[in-house]
Number of protein chains: 2
Amino acid sequence: MFEAKFQTFEETADPSMGAGRIAKLRAELKKRDLDGIIVTRADRHQNEYVPACEERVAWLSGFTGSAAAIVVLADKAVLFTDGRYTLQAKEQVDGKVFAIEHLVTRPPADWIADNLPTGASLAYDPWRTTLDGVERLQKACARAGGKAVPVDENLVDIIWQDRPAEPLAKLVLHDLKFAGETTAAKIARIREELAKAKLDALVLSDPASVAWTFNIRGGDVAHTPLPISWSILPREGMPALFVDGRKLSNEVRAALAKLADVREPRDFEVELHEAASGGRAIRLDQGSAPRKLADIIEAAGGSVSKGADPVMRMKAVKNAAEIAGTRAAHLRDGAAMANFLCWLDREGLGKSEIEAVAALETFRRETGKLKDISFPSISGSGPNGAIVHYRVTEKTSRKLGTGELFLIDSGGQYEDGTTDITRTVAIGKPSDEMRERFTLVLKGHIAIARAVFPEGTSGAQIDAFARAPLWAAGLDYDHGTGHGVGSYLSVHEGPARISKLGSAALEPGMMLSNEPGYYKTGAYGIRIENLVLVTSHEAPKDAEKKLVGFETLTLAPIDRRLVVPAMLSAAELNWLNDYHRRVAAGLSPLVSTATKSWLASATAALSN
Amino acid sequence: MFEAKFQTFEETADPSMGAGRIAKLRAELKKRDLDGIIVTRADRHQNEYVPACEERVAWLSGFTGSAAAIVVLADKAVLFTDGRYTLQAKEQVDGKVFAIEHLVTRPPADWIADNLPTGASLAYDPWRTTLDGVERLQKACARAGGKAVPVDENLVDIIWQDRPAEPLAKLVLHDLKFAGETTAAKIARIREELAKAKLDALVLSDPASVAWTFNIRGGDVAHTPLPISWSILPREGMPALFVDGRKLSNEVRAALAKLADVREPRDFEVELHEAASGGRAIRLDQGSAPRKLADIIEAAGGSVSKGADPVMRMKAVKNAAEIAGTRAAHLRDGAAMANFLCWLDREGLGKSEIEAVAALETFRRETGKLKDISFPSISGSGPNGAIVHYRVTEKTSRKLGTGELFLIDSGGQYEDGTTDITRTVAIGKPSDEMRERFTLVLKGHIAIARAVFPEGTSGAQIDAFARAPLWAAGLDYDHGTGHGVGSYLSVHEGPARISKLGSAALEPGMMLSNEPGYYKTGAYGIRIENLVLVTSHEAPKDAEKKLVGFETLTLAPIDRRLVVPAMLSAAELNWLNDYHRRVAAGLSPLVSTATKSWLASATAALSN
């Protein structure tokens, strides 16, 4: 029987608690002579997935969406979320307690600038607000004639009686055969960066950076093997790693002790003070490090160097072992996808979106290697497919109907690699419009897959290659074309991206998604997503520039029934047929007998 | 006889004066207890072309390049310029006095951070340094443990005995038939912007913004009809216009007095203080306004709102009269270009680069409408064509040789419009490589000309369309694809551009250049430049987005002998043939009899 173990489908919202909890929070504010507070869905590490004990917005309001902030003043309370969650927010929170505002078009800073009373003090948690975030808050409060006040002790936690405990998942060592580079070598490279930038030390506040540097993995948040932890990396001397000792087996502790001074998180503040004293320059990533760290450094007489965490770029460029790992993971994951797509073709009609998620997860688990899914699957049939970040629940789950499109975006966490794939599948006979628009999306996908560009080119420069075919038809999609992907780490990883905001150069070894789409509201959604590896491209005769391009890593059939071959150029058609030959050759030995014959026809060549 | 009246070809450098002048400057610094100074090639308005009295870098060092700064310390003096001018700088300055550094890879701020002694004070002119510029300087000095000190009185001017007078070119009213919108209507629109941004006033520090707003033109700098002036535009009440009264005829003064309080520039400081007092919020463009203005506003108790000059965007979107004007200017200019290109084909071989410039300017003057050229023509034969910002001098001028390419980039200022065009022409028989690379550049040019994209798309998003054909061959060009162009104003105008830095949305009515190129160092240069107008594109059936695209404004043959038709797709070939049909139809009635038959064959259809 199919089963989803890593994903749930219930709705946990309870709007009824909002009024009482906001009243209690206001009482706490009043006690401290504060006039308001901002509460964001953030932990100290700005993790994408946060532990239950950090779900303050949900606890306060009932709202469970991932993009969320609350501002409470004496007479107003506002929940901010984005367009994906507007409807959900209306259902999950008490409209008598909260107004709902748009996180992007009317962000908290703008709302505060307009609504904070003159002379008022707005509290924020300096551990859960980044350096950039505090700067925005301060400007907003100043525009209103008020001020932003850091309050170290989180005021929500004071009233949250049954707050869950901090997670204590065991740390594991990430095998060198997967990591491909020793911690010693990584630290040596980081130190070179510190020396170049004339820095005395680097603070790693992002657990993904800690995990990469120390070749460790954890399990403190959902879908990403992160160990919640900090590290201080001085230019000289032993790095310090701050992690709850209860997460460490004797073996892991012994291994780590060779690389770092292993300390408890409660010592972090004192050690950071120590590391900064004597005027030392310490790098903080202003977009993700807590403002509190800057306060500690400055109080110690150190200087804060705001800039990118150098581990971000290092981690983004995968080494040979990581690339070999991801190839193995993609073969395994592709076989599970093929088994799933075969099942879907034969038995999908009439099944529910939830049943599809359970089936796919089951095929992935049957590989025997699945550690987790890499994010909650987006499983949208018909109009649900048009909701870009759709999360299926018992309440929203639709049955797959004939003449509809079904979009499924999912991925797996394997020790050797992280996957992320979207396929859009015709259930029954698709309309001409569906096929034409699918083919436009496919042309964009192929344009990225085949793109060739000089070293140093950024993702922003090539993003429009994926959109041009849709643009010509007056269509577009309202999301980036690709995001960086970690190596048994976060499925969303900076700094590389293919998007108008993607300023990082695309370097050989970087791994990204290629996922153009098209969404017809109320009707259907289309997305075709493969992961790609940035590779050196063989230079043509007389080339003056070193060229790079992409190798497609993901292996799974693209639904041929949705392709209009006459709309493809010869080069595009060649790409698709070549890709399907690779898919068949790679997956055929790994799939079930039933899938094998299906795979042959699902990857047969098309001609126009 | 052909003659260049608007452009000179001499080299005016005199390296011998550097040592004495720097010694005098050091004495002035010492008198004031200052340890160093930065001198940039900038006037108070950050004009692209500056009057002779602002050429402090040239006077101090001998260096006449347009990108230049000097830093003088007690024991070091450095001239900064960019890659275009490195060789020229070595010839024009005394190497015993000045080290030469690269303005881009080793900018003054970095050099200062590394070289300013601890505790030292570095002087800057707050009238000739922007808000952003001062921020960079302050950071650099702080990194060195020193400080940046504003010195209002320019220290170079104190020692510059025979400094030329400020220019006093007469102001003229820009006829409403060319401007298309009254000053009253423009001011009303600016006030709406001020209200939206909750501002009390706007300072126009860019003379182009003043010229556009008040429908005036001047002649204080070369090649751009700018009136050096300031304006303070309050949200309510009469605007103030600060312009030297000697530039005003009675008639112009009377016309302006209906629109603004016309004041002398010496009153500007006091009036700005007045406008800012009482806590008023005043917008300054931080990238172009002098830091001094912020100091005045803050001293008066006002607040500085840093942000874009809203006139920049308004001015960039041309109205119907301006568009009609530019079409007329492009027909006239195209006819002059055709006469020139015909002459070049028949008589160019063996002529010099300077003779070519003189011929082209003469054909333009013969239109009877030429006010000025819009920038010094770039006239490069053979290897000189590969120097992107080449300026021909008596010393560098080459004869046009057979088997070579000749690149000429030029433009005219007419009352109804500003033009900018580059053509690359085969002298004798071109090599296969030249034709192949020309065709790659042409494919990029056509990709921009034919591009279609949703409203709101920026130039950064489409820049790579022009590069993709070159990229595939391992080639590229090291400049943007297009810049905004003014309406009888600056030939380089923000905010729109087609470049990886072009973040402004391309809106219908904006006018830009489309100028991809390819440069083979030491051999030849290729550039194909037309001006284009952003236009609404007719929406295809079922379009969901409003689309925009480009209409090509420039009319002049593209050298067919350099095109390899087999390398063009059917759509590209159609574009070229359609374009040439438009060129022939538009220009044929306007050119000389000799040119007319030449034009027919120069625009004949190609097939593959």
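Residues numbered from 1 in each chain as written. Chains lettered and ligands numbered in written order. Predicted model: local features only at pLDDT ≥ 70, side-chain atom pairs only at ≥ 80, totals over all residues. Heavy atoms only, no water.

**Student:** What exactly am I supposed to notice about the overall build of chain A here?
**Tutor:** What chain A contains, in helices and strands, is 20 helices and 28 strands. Radius of gyration (C-alpha) of chain A: 25 Å, near the 25 Å computed for a compact globule of 608 residues. Each principal axis of the C-alpha distribution contributes one length, and for chain A these read about 70 × 55 × 50 Å. Counting the 608 residues in chain A, one finds 59% classified as buried. The contacts of chain A with a sequence gap of at least 6 include a subset with a gap of at least 24, amounting to 70%. Accessible surface computed for chain A: about 23300 Å², of which carbon and sulfur atoms make up 51%. The centroid of the 75 positive side-chain charges in chain A is displaced by 1 Å from the centroid of its 79 negative side-chain charges. (Helix = DSSP H or I, 4+ residues; strand = E, 2+ residues; numbered from the N terminus. Rg over C-alpha atoms; globule rule 2.2 N^0.38 Å. Buried < 20%, exposed > 50% of the residue type's maximum accessible area, 1.4 Å probe, protein only. Contact = heavy atoms within 4.5 Å. Areas by Shrake-Rupley, 256 points an atom, 1.4 Å probe, with all protein chains shown as cover. Lys, Arg positive; Asp, Glu negative; His and termini not counted. Charge placed at Lys NZ, Arg CZ, Asp CG, Glu CD.)

**Student:** How should the interface of chain A and chain B be read in this particular structure?
**Tutor:** Size of an interface, as often reported, equals the accessible area lost when the parts are brought together. Each partner contributes to the interface: chain A provides 28 residues, whereas chain B provides 29 residues. Sorting the residues of chain A by area buried against chain B places Gln461, Trp471 and Glu544 of chain A first, and these three jointly supply 28% of that buried surface. Applying the counting rule to chain A against chain B returns four salt bridges. Ionic pairing is found between Arg437 of chain B and Glu544 of chain A, a salt bridge with its closest N-O pair at 3.6 Å. Counting the contacts that link chain A with chain B gives nine residue pairs in polar contact (both at pLDDT 80 or more). Those elements that provide at least two residues to the side of chain A that touches chain B are β21 (452-454), α17 (459-462), α18 (468-472) and β25 (517-520) of chain A. Per-class residue counts for the side of chain A that touches chain B are 17 nonpolar, three polar and eight charged. (Buried area = accessible area lost by both parts, 1.4 Å probe. Salt bridge = Lys/Arg side-chain N within 4 Å of Asp/Glu carboxyl O. Polar contact = N/O pair within 3.5 Å; in protein donor to acceptor, adjacent residues only side chain to side chain. Nonpolar A, V, L, I, M, F, W, Y, C, P; charged D, E, K, R; others polar.)

**Student:** Any chance you could explain the nonpolar core here in plain terms?
**Tutor:** Side chains of nonpolar character tend, in soluble globular proteins, to be buried together. Counting residues in hydrophobic clusters, the biggest one holds 160 residues, and the most contacted among them are Phe340 and Phe550 of chain A together with Phe340 and Phe550 of chain B. Beyond its immediate chain neighbours, meaning those up to four positions away, Phe550 of chain B contacts Ile448, Ala449, Ala451, Phe453, Ile462, Ile498, Leu506, Leu512, Val532, Leu533, Val534 and Thr535 of chain B. (Core = buried A, V, L, I, M, F, W, Y, C linked by side-chain atoms within 4.5 Å.)

**Student:** What is the right way to look at helix α17 (residues 459-472) of chain B in this model?
**Tutor:** Two residues of an α-helix separated by three or four positions point the same way, owing to the 3.6 residues in each turn. All names here are of chain B. At Ala466, α17 shows its maximal kink, close to 40°; a proline, Pro469, follows between one and four residues later. The set of residues buried in α17 consists of Gly459, Ala460, Gln461, Ile462, Asp463, Ala464, Phe465, Ala466, Arg467, Pro469, Leu470 and Trp471. One or two steps after α17, the chain reaches Gly474, where phi turns positive at roughly 75°. (Bend = angle between axes of the 7 residues up to and from the residue.)

**Student:** Before we go on, may I ask you to explain the sheet that holds strand β15 (residues 372-373) of chain A in this structure?
**Tutor:** Two strands in a sheet stick together by hydrogen bonds in their backbones, pointing the same way (parallel) or opposite ways (antiparallel). Residues and elements named next belong to chain A. The three strands are arranged β15-β18-β19 in an open sheet whose pairing can be described as antiparallel. Single-partner strands in this sheet number two, and they are β15 and β19 (417-418). Here β15 runs beside strand β18 (residues 412-414); their pairing, made up of two bridges, is antiparallel. Looking at the pairing, Asp372 lines up with Gln413 of β18. With respect to the sheet, helix α14 (residues 320-347) is in contact with β18 and β19, its orientation differing from that of β18 by roughly 130°. (Pairing = 2+ DSSP bridges. Axes fitted to C-alpha atoms, helices over the stretch in contact; angles between N-to-C directions.)

**Student:** Sorry if this is basic, but what is going on with empty space enclosed by the protein here?
**Tutor:** Over the atoms rolls a probe the size of a water molecule, and its path tells where empty space is left. Residues and elements named next belong to chain B. Evaluation of the coordinates by the stated rule reveals seven cavities of 30 Å³ or more. Roughly 130 Å³ of volume is contained in the largest cavity. Around the largest cavity sit 15 residues that line it, and Ile38, Val39, Tyr124, Asp125 and Asn154 are the ones nearest its centre. When residues of the lining of the largest cavity are traced back to their parent elements, those giving at least two are β1 (36-40), β5 (121-124) and α6 (155-159). Sort the elements by how many residues they give to the lining of the largest cavity and β1 lands first, with four residues. Grouping the amino acids of the lining of the largest cavity by side-chain chemistry returns eight nonpolar, three polar and four charged. (1 Å grid on protein atoms, 1.4 Å probe; cavity = no way out; pocket = protein on both sides within 12 Å on 5 of 7 lines; lining within 4 Å. Points joined across faces, edges and corners; volume = space filled by probe spheres on them.)

**Student:** I would appreciate a short explanation of the relation of the copies chain A and chain B in the present structure.
**Tutor:** In this structure, two copies of a chain are linked by a rotation about an axis accompanied by a shift along it. Once chain A is rotated about the relating axis by 180° and shifted along it by 0.0 Å, it coincides with chain B to within an RMSD of 0.0 Å. These values place the two chain copies in the arrangement generated by a two-fold rotation axis. If distances are taken from each C-alpha of chain A to the rotation axis, the shortest is found for Gln461 of chain A, at 3.1 Å. Here 100% of the interface residues in chain A have copies in chain B that are interface residues too; the copies meet face to matching face. (Least-squares fit on C-alpha atoms with pLDDT ≥ 70 in both.)

**Student:** Help me out: how do you make sense of unusual backbone geometry in this one?
**Tutor:** Cis geometry marks the peptide bond from Gly494 of chain A to Pro495 of chain A; its omega dihedral reads -5°. Locating Pro495 of chain A in the fold gives a position in strand β23 (residues 493-498). Positive phi outside glycine occurs at Tyr488 of chain A, with the angle close to 45°. One can find Tyr488 of chain A in the loop between β22 (482-484) and β23. A positive phi angle is found at Asp33 of chain B, which is not glycine, with a value near 60°.

**Student:** When you look at the pattern of salt bridges in this model, what are you seeing that I'm missing?
**Tutor:** Pairing between side chains of opposite charge can happen when the charged atoms of each approach one another. Applying the stated criterion across every chain, the model contains 87 salt bridges over all chains. Linked by salt bridges that have partners in common, Arg44, Glu54, Arg56, Asp125, Arg128, Asp157, Arg163 and Glu166 of chain A make up one network.

**Student:** Quick question: what am I supposed to make of the packing of aromatic side chains here?
**Tutor:** Note on aromatic pairs: each is described by the distance of the centres and the angle between the planes. Residue and element names in this part refer to chain A. Under the defined criterion, the tally for this structure stands at 29 aromatic pairs over all chains. An angle of 80° between the planes, with centres 6.2 Å apart, marks the rings of Phe80 and Trp111 as edge-to-face. Pair noted here: Phe80 is in strand β3 (residues 77-81) and Trp111 is in helix α4 (residues 108-115), with a separation of 31 residues, a long-range link. Overall, the relative accessible area of 0% leaves Phe80 in the buried class. (Phe/Tyr/Trp six-rings, centres within 6.5 Å; stacked < 30°, edge-to-face > 60°.)

**Student:** Looking at this model, I keep getting lost on helix α12 (residues 291-299) of chain B. Mind explaining?
**Tutor:** If you check which residues of α12 of chain B are buried, you get Arg291, Lys292, Leu293, Ala294, Ile296 and Ile297 of chain B. Phi for Gly301 of chain B, located one or two positions after α12 of chain B, is positive at around 85°.

**Student:** Would you explain the pairing of strand β3 (residues 77-81) of chain B in this entry?
**Tutor:** Regular strands have side chains that alternate between both faces of the sheet. Residue and element names in this part refer to chain B. In terms of burial, β3 is largely enclosed, as five of its five residues are buried. Alternating positions in β3 separate into two faces, Ala77, Leu79 and Thr81 on one and Val78 and Phe80 on the other, with burial throughout. Examined bridge by bridge, strand β2 (residues 69-73) and β3 share four bridges and lie antiparallel to one another. Counted as the bridge partner of Ala69 is Phe80 from β3. Counting the residues between successive antiparallel strands, the hairpin from β2 to β3 contains three residues. Relative to strand β4 (residues 99-102), β3 is paired through four bridges, and the arrangement is parallel. Residue Thr81 lies in a different strand from β4, and its bridge partner there is His102.

**Student:** Got a minute to help me understand the sheet that holds strand β14 (residues 303-306) of chain A in this structure?
**Tutor:** Residue and element names in this part refer to chain A. Spatially, the six strands line up as an open sheet ordered β12-β11-β10-β8-β13-β14, and their pairing is mixed. The open sheet has two edge strands with one neighbour each: β12 (261-263) and β14. Across this sheet, the average inter-strand angle for adjacent strands is 20°, counted without regard to direction. As judged from the four bridges shared by strand β8 (residues 201-204) and strand β10 (residues 230-234), these two strands associate in the antiparallel manner.

**Student:** Got a minute to help me understand the packing of α14 of chain A against helix α20 (residues 593-602) of chain A in this structure?
**Tutor:** When two helices pack together, you describe them by how their axes are tilted relative to each other and by the distance separating the axes. Residue and element names in this part refer to chain A. Taken N-terminus to C-terminus, the directions of α14 and α20 make an angle of 80°; their axes are 9 Å apart at the nearest point. Relative to α20, the element α14 lies roughly perpendicular. Contacts from Ala338, Asn339, Leu341, Cys342, Asp345 and Arg346 of α14 reach α20 at Ala594, Thr595, Ser597, Trp598 and Leu599. (Parallel < 35°, antiparallel > 145°, perpendicular 65-115°, else oblique.)

**Student:** Explain the environment of Phe453 of chain A to me, please; I cannot follow it from the model alone.
**Tutor:** With respect to the helices and strands, Phe453 of chain A occurs in strand β21. Residue Phe453 of chain A is classed as buried on the basis of its relative accessible area of 0%. Spatially, the C-alpha atoms of Phe453 of chain A and Asp295 of chain A are 43 Å apart, while their sequence positions differ by 158 residues. Other than its neighbours up to four places away in sequence, Phe453 of chain A contacts Ile462, Leu506, Lys546, Leu547, Val548, Gly549 and Phe550 of chain A together with Trp471 of chain B.

**Student:** Where do I start with the environment of Asp295 of chain B in this structure?
**Tutor:** Examined against the element boundaries, Asp295 of chain B turns out to sit in helix α12. Separated by 265 residues in sequence, Asp295 of chain B and Lys30 of chain B place their C-alpha atoms 25 Å apart.

**Student:** Sorry, what's going on with the packing of helix α16 (residues 432-449) of chain B against α17 of chain B here?
**Tutor:** All names here are of chain B. Relative to each other, α16 and α17 sit at 155°, their axes nearing to 7 Å. In terms of axis orientation, α16 runs roughly antiparallel to α17. Seen along the crossing, α16 lies across α17 with a hand that is right-handed. In contact with Leu440, Val441, Lys443, Gly444, Ala447 and Ile448 of α16, α17 contributes Ile462, Phe465, Ala466, Pro469 and Leu470. Taken together, the residues of the contact of α16 with α17 break down into nine nonpolar, one polar and one charged. (Left-handed = near helix turned anticlockwise from the far one by under 90°.)

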